[in-house]
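Architecture and fold: a report
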Amino acid sequence: MKIANKTVSAERLVRDALEKAKYFADYHIFTYLNEAVAIEKAREIDRKIANGEKVGRLAGVPYALKDNFLSPEGQTTASAHILEGFVSPITATAVQKLEEEGAIMIGRTNLDAFAHGSSTENSYFGPTLNAFDKERVAGGSSGGSAVAVALDIVEFATGTDTGGSIRQPASFNGIYGFKPTYGCISRYGVVAMASSTDCVGFFTKSPDDMDILMSITSGQDEKDMTTLPNYYDKGSEQNIKKIGIIKDFDNDVVNDEIREALKKKCDLLSSKGYEITEIEMPTLKYALAVYYIIVPAEVASNLSRYDGIRYGFRSDKSTSLEELYTNTRSEGFMPENKRRIMIGNFVLSSGFYDAYFLKAAKARTLIVEEYNKAFSQVDYILTPVSPNPAFKLGEKINDPIAMYLEDMMSVSLNLAGVPGLAIPAGTTKAGLPIGLQLVGPKCSDKKLIEFAKELI
Ligand code: GLN
């Protein structure tokens, strides 16, 4: 609005964002700054406005792009050595839609390599630091995007959420992060992690901004056969009465201050006339185990294309084709990527497929059914995003199981395909942000975002 009303120029906004990005360089937020292109695009928008031409809904708004979205602006690395130097010939559908409305990408953000992780420490380029405490993790995998918004460098940032990668870093940095219904936004042009749970979403400072971005980017895409016909803007009237609290999570694993924050928000909702109901979802305790079988299986398959021939980095130490594949993959992947490839191939191998993959796929169906049942009892569910606030850098990186446990409250949504919005819910006594997630049935995205305003 400010731009269209000429109270500030797009160029000024973009230059400010780039300056801030450089000022916070020690946080390792960006893998690439899009300086020259961003300024040129901003000038073009200013020219159009001066000439009275029509501009898009996001004209001149600077944003940050998680570095696993393909676009020809800069290399797309997914923060992995194996993709270094890869410049994409195509543009992701979500990026294209944002750009058509005039948004300007000022830089690409750091992530756990290939989005495998919960802290951004698995990045080839080093970890992103938490916006509230530089000794703590930003969360992950979309740590760079979350901190770019939390430190006010940009108005919004893109993310991907396969098992919590938008909601968890949003909650670690005190902002909004939305994982839509599976299939709401096209995954075309996004580096694949686990195709059956990957979702594109956003980080913003308000529910209203989230709504605009969702309305722009959602919808069917012929380039992604899993996209749903556009339902986003067809949200009907709110008729929300009952909010569910998951009984099975109310135990020792959740940090006391997070439990208190949940209680406070429940009290707030009660005072506004909503009914708070405890619901039982006993199958959710298996979600983490199911997730860490299904996701590595899909990861192993999706990462098999990186062979040193087609994309980015190639090891030059090889004397045969076989060696070239092995050396490129050995040098190019991070330890966590390799761990998932190994687990994935193991659970898919003929001797273990029935015992692991098939079992997990069946258990996933039970999780889907459990959510269906829950939403026949309540309208939305409110839970913590993660059992703890941001942990210290280095605290869990050498203990993969401890790291995986941090995802226990976020992964079930992806397995079920339902939407979840991480909302800021105050801070701990030590000043670390607390995040809660509002979960709704499939395709309730718009209403869910709208309802989040009740929690402010
Ligand atoms: N932390 C989860 C994992 O490591 C989720 C990652 C994601 O959503 N990309 O798999």
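Keep in mind that this is a model prediction, so the values were computed, not measured. (Residues numbered from 1 in each chain as written. Predicted model: local features only at pLDDT ≥ 70, side-chain atom pairs only at ≥ 80, totals over all residues. Heavy atoms only, no water.)

Next up on the list: the sheet that holds strand β7 (residues 242–246). Strand order in the open sheet formed by 11 strands is β1-β3-β2-β4-β6-β5-β10-β11-β9-β7-β8, and the pairing between neighbours is mixed. Whereas interior strands pair on both sides, the edge strands pair on one side only; in this sheet they are β1 (30–33) and β8 (275–279). The average angle at which neighbouring strand axes cross in this sheet is 30°, direction not considered. As judged from the 6 bridges shared by strand β10 (residues 420–427) and strand β11 (residues 433–439), these two strands associate in the antiparallel manner. Each residue of the ladder has a partner; that of I423, found in β11, is L436. This element, helix α2 (residues 35–50), spans β1 and β3 (104–109) of the sheet and lies at about 160° to β3. In the packing of helix α3 (residues 93–100) onto the sheet, the strands contacted are β2 (62–66), β3, β4 (156–160) and β6 (200–204), and the crossing angle to β2 comes to about 175°. (Pairing = 2+ DSSP bridges. Helix = DSSP H or I, 4+ residues; strand = E, 2+ residues; numbered from the N terminus. Axes fitted to C-alpha atoms, helices over the stretch in contact; angles between N-to-C directions. Contact = heavy atoms within 4.5 Å.)

All chains considered together, the criterion is met by 20 aromatic pairs. When the centroid spacing of 4.9 Å and the interplanar angle of 80° are considered together, the rings of Y23 and F24 count as edge-to-face. The class for Y23 is exposed, based on a relative accessible area of 66%. Judged by its relative accessible area of 17%, F24 falls in the buried class. On the numbers, 6.3 Å between centres and 75° between planes, the contact of F156 with F202 is edge-to-face. Of this pair, F156 sits in strand β4 while F202 sits in strand β6, placing them 46 residues apart in sequence. The exposure class assigned to F156 is buried, which follows from its relative accessible area of 3%. Here K396 stacks its cationic end above the ring of F391, 5.3 Å away from the centre of that ring. (Phe/Tyr/Trp six-rings, centres within 6.5 Å; stacked < 30°, edge-to-face > 60°. Buried < 20%, exposed > 50% of the residue type's maximum accessible area, 1.4 Å probe, protein only. Lys NZ or Arg CZ within 6 Å of the ring centre and 35° of its normal.)

What follows deals with α2. Helix length check: α2, at 16 residues, gives a terminal C-alpha distance of 23 Å against a target of 22 Å (1.5 Å per residue), a fit within 8%. Buried-residue contacts for α2 involve α1 (10–23) and β3. Residue G52 follows α2 closely and has a positive phi angle near 75°. (Expected span 1.5 Å × (residues − 1).)

Attention shifts here to the pattern of salt bridges. Going through the model one piece at a time under the given rule, you end up with 30 salt bridges. As a salt-bridge pair, D16 and R12 come within 3.0 Å of each other at their nearest N and O atoms. A residue pair is termed a helical-turn pair when its members lie 3 or 4 positions apart in one helix, as D16 and R12 do in helix α1 at 4 residues. Classification of D16 by relative accessible area gives partly exposed; the value is 29%. Here D152 and K205 are joined by a salt bridge, their closest N and O atoms 2.3 Å apart. With D152 in the loop between α4 (143–150) and β4 and K205 in the loop between β6 and α6 (207–217), this pair connects stretches of sequence that are 53 residues apart. Taking relative accessible area as the criterion, D152 reaches 39% and is therefore assigned partly exposed. Within this structure, E11, R15 and R43 form a network of salt bridges that share partners. (Salt bridge = Lys/Arg side-chain N within 4 Å of Asp/Glu carboxyl O.)

Looking now at helix α9 (residues 321–332). Between its first and last C-alpha atoms α9 spans 16 Å; for 12 residues at 1.5 Å apiece the expected length is 16 Å, and the two agree. Taken together, the buried positions of α9 are L324, T328 and G332. For α9, the arc enclosing every buried residue in end-on projection is 30°, short of the 170-degree limit, so these residues lie on one face. (Arc of directions from axis to C-beta.)

A separate point is the pairing of β2. The element β2 is largely enclosed, with a buried count of 5 among its 5 residues. Going residue by residue along β2, you find P62, A64 and K66 tucked away on one face and Y63 and L65 tucked away on the opposite face as well. When β2 meets β4, the two strands line up parallel, connected through 2 bridges. Each bridged residue has a counterpart across the sheet, and for A64 the counterpart in β4 is A157.

To continue, consider the site of the ligand. In the vicinity of the ligand, 14 residues are found, and the nearest of them are T162, G163, S165, Y291 and R340. Contact between the ligand and A115: a nitrogen atom at 2.9 Å from a main-chain N or O atom of the residue. A distance of 2.9 Å separates a nitrogen atom of the ligand from a polar side-chain atom of D407. Protein coverage of the free-state accessible area of the ligand, which is 290 Å², stands at 100%. Classifying every residue of the shell around the ligand gives 4 nonpolar, 7 polar and 3 charged. (Near = heavy atom within 4 Å. Polar contact = N/O pair within 3.5 Å; in protein donor to acceptor, adjacent residues only side chain to side chain. Areas by Shrake-Rupley, 256 points an atom, 1.4 Å probe, with all protein chains shown as cover. Nonpolar A, V, L, I, M, F, W, Y, C, P; charged D, E, K, R; others polar.)

Within the element layout of this structure, D221 appears in the loop between α6 and β7. Although buried, D221 forms no salt bridge, and the nearest oppositely charged side chain, K223, lies 5.4 Å from it. Apart from residues lying up to four places away in sequence, D221 is in contact with T93, S186, Y188 and T227. (Lys, Arg positive; Asp, Glu negative; His and termini not counted.)

Attention now moves to the nonpolar core. Among the nonpolar cores identified, the biggest contains 99 residues, and F114, F156, Y371, I381 and L382 are the most heavily contacted of them. It is helix α8 (residues 287–302) that contributes the most residues to this core, 10 residues altogether. The residues contacting F114, other than those within four sequence positions of it, are A78, A80, I82, L83, V191, M193, L303, Y306, F333 and N337. Formed by 35 residues, the second largest nonpolar core is a distinct cluster that contains F30, A64, V147 and V149. (Core = buried A, V, L, I, M, F, W, Y, C linked by side-chain atoms within 4.5 Å.)

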